[in-house]
Amino acid sequence: MNSLQRDIASQLAVAFAHDGVAATAGGSGDATESAGAVIDLLALASRPESVAFVLAAKAVLAATKKLALTAKIEHSDASGSGFTDLVAAKVVLTLTGATGGSTERGAAKIGTSLEYAKRYIRVSINPDLDAANTDTATVDAVAIFGGSARLPA
């Protein structure tokens, strides 16, 4: 029943995309770009036509304080160097603390066509907490590929 999209999982390939980032406001990981895992497009069962990186964030925030999550997609001909922007950095998610402080959760995506992508791609993320030193955040990412000539195994 492909025409009705009742089994979308059978039509997508997924890959681990980031080891995860832990950030503390004004401390480690805050406002610091972190490159994700390098994905070899030729190592997939079939070269996909597009990718969406899905980012999941959890933040413990003081009232009215924010987490702004910026992401970009990079590509390269070499697995360990020479990465340049395929999709420029942009804010993909903003979480705001509720009255009295709160734990906020959210998900965002950033994606692109892979028509002109080089062999290796990765997502880079940058969590920016605007509190002084008490707020914390964690962010993880996975890659979802679509449009392959063959369905994933």
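One can find the structure itself at the top, above this paragraph.
Fair warning: this is a prediction, and the values are worked out from it, not measured in the lab.

Draft legend 1. Seen up close, the overall build of the protein. In terms of helices and strands, the protein carries 0 helices and 9 strands. Counted from the first residue to the last, the protein has its helices and strands arranged as β-β-β-β-β-β-β-β-β. Once the C-alpha set of the protein is aligned to its principal axes, its extents read approximately 50 × 40 × 20 Å. The centroid of the 13 positive side-chain charges in the protein is displaced by 4 Å from the centroid of its 15 negative side-chain charges.

Draft legend 2. Seen up close, the pairing of strand 9 (residues 136-146). Relative to strand 9, strand 1 (residues 13-24) is paired through 9 bridges, and the arrangement is antiparallel. Bridged to Val-21 within strand 9 is Val-139. Pairing analysis gives 11 bridges linking strand 4 (residues 50-61) to strand 9, with the strands arranged antiparallel. Bridge assignment links Val-54 to a residue of strand 9, and that residue is Val-142.

Draft legend 3. Here's a closer look at the nonpolar core. Among the nonpolar cores identified, the biggest contains 36 residues, and Phe-53, Ile-110, Ile-121 and Phe-145 are the most heavily contacted of them. Elements with a contribution of two residues or more to this core: strand 1, strand 4, strand 5 (66-76), strand 6 (84-96), strand 7 (102-113), strand 8 (120-129) and strand 9. If one sorts the elements of this core by residue count, strand 4 sits on top with 6 residues. Beyond its immediate sequence surroundings of up to four residues, Phe-53 is in contact with Ala-17, Ile-39, Ile-73, Ala-108, Lys-109, Ile-110, Ile-121, Arg-122, Val-123, Val-142 and Ala-143.

Draft legend 4. Region of the structure containing the pattern of salt bridges. In total, this model carries 5 salt bridges according to the counting rule given. Between Lys-72 and Glu-74 there is a salt bridge, and its shortest N-O distance comes to 3.6 Å. Of the residues examined, Glu-74 reaches a relative accessible area of 5% and is grouped as buried. Arg-122 is the partner of Glu-74 in a salt bridge, and the nearest nitrogen-oxygen pair spans 2.8 Å.

Draft legend 5. Structural context of the sheet that holds strand 7. Spatially, 4 strands are ordered 1-9-4-7 in an open sheet, and the strand pairing comes out antiparallel. Two strands in the sheet have a free side with no partner beyond their single neighbour: strand 1 and strand 7. The average undirected angle you get between the axes of adjacent strands in this sheet is 15°.

Draft legend 6. Structural context of unusual backbone geometry. Phi at Ala-31 takes a positive value of approximately 55°, unusual for a residue other than glycine. Along the chain, Ala-31 falls in the loop between strand 1 and strand 2 (34-35).

Draft legend 7. Local environment of the environment of Gly-97. Summarising the element assignment, Gly-97 is placed in the loop between strand 6 and strand 7. Taking the C-alpha atoms as reference points, Gly-97 and Ser-124, 27 residues apart in sequence, are found 24 Å from one another. The residues touching Gly-97, leaving out its near neighbours within four places in the chain, are Leu-61, Ala-62, Ala-63, Thr-64, Lys-65, Ser-102 and Glu-104.

Conventions adopted
Residues numbered from 1 in each chain as written. Predicted model: local features only at pLDDT ≥ 70, side-chain atom pairs only at ≥ 80, totals over all residues. Heavy atoms only, no water. Helix = DSSP H or I, 4+ residues; strand = E, 2+ residues; numbered from the N terminus. Lys, Arg positive; Asp, Glu negative; His and termini not counted. Charge placed at Lys NZ, Arg CZ, Asp CG, Glu CD. Pairing = 2+ DSSP bridges. Core = buried A, V, L, I, M, F, W, Y, C linked by side-chain atoms within 4.5 Å. Buried < 20%, exposed > 50% of the residue type's maximum accessible area, 1.4 Å probe, protein only. Contact = heavy atoms within 4.5 Å. Salt bridge = Lys/Arg side-chain N within 4 Å of Asp/Glu carboxyl O. Axes fitted to C-alpha atoms, helices over the stretch in contact; angles between N-to-C directions.

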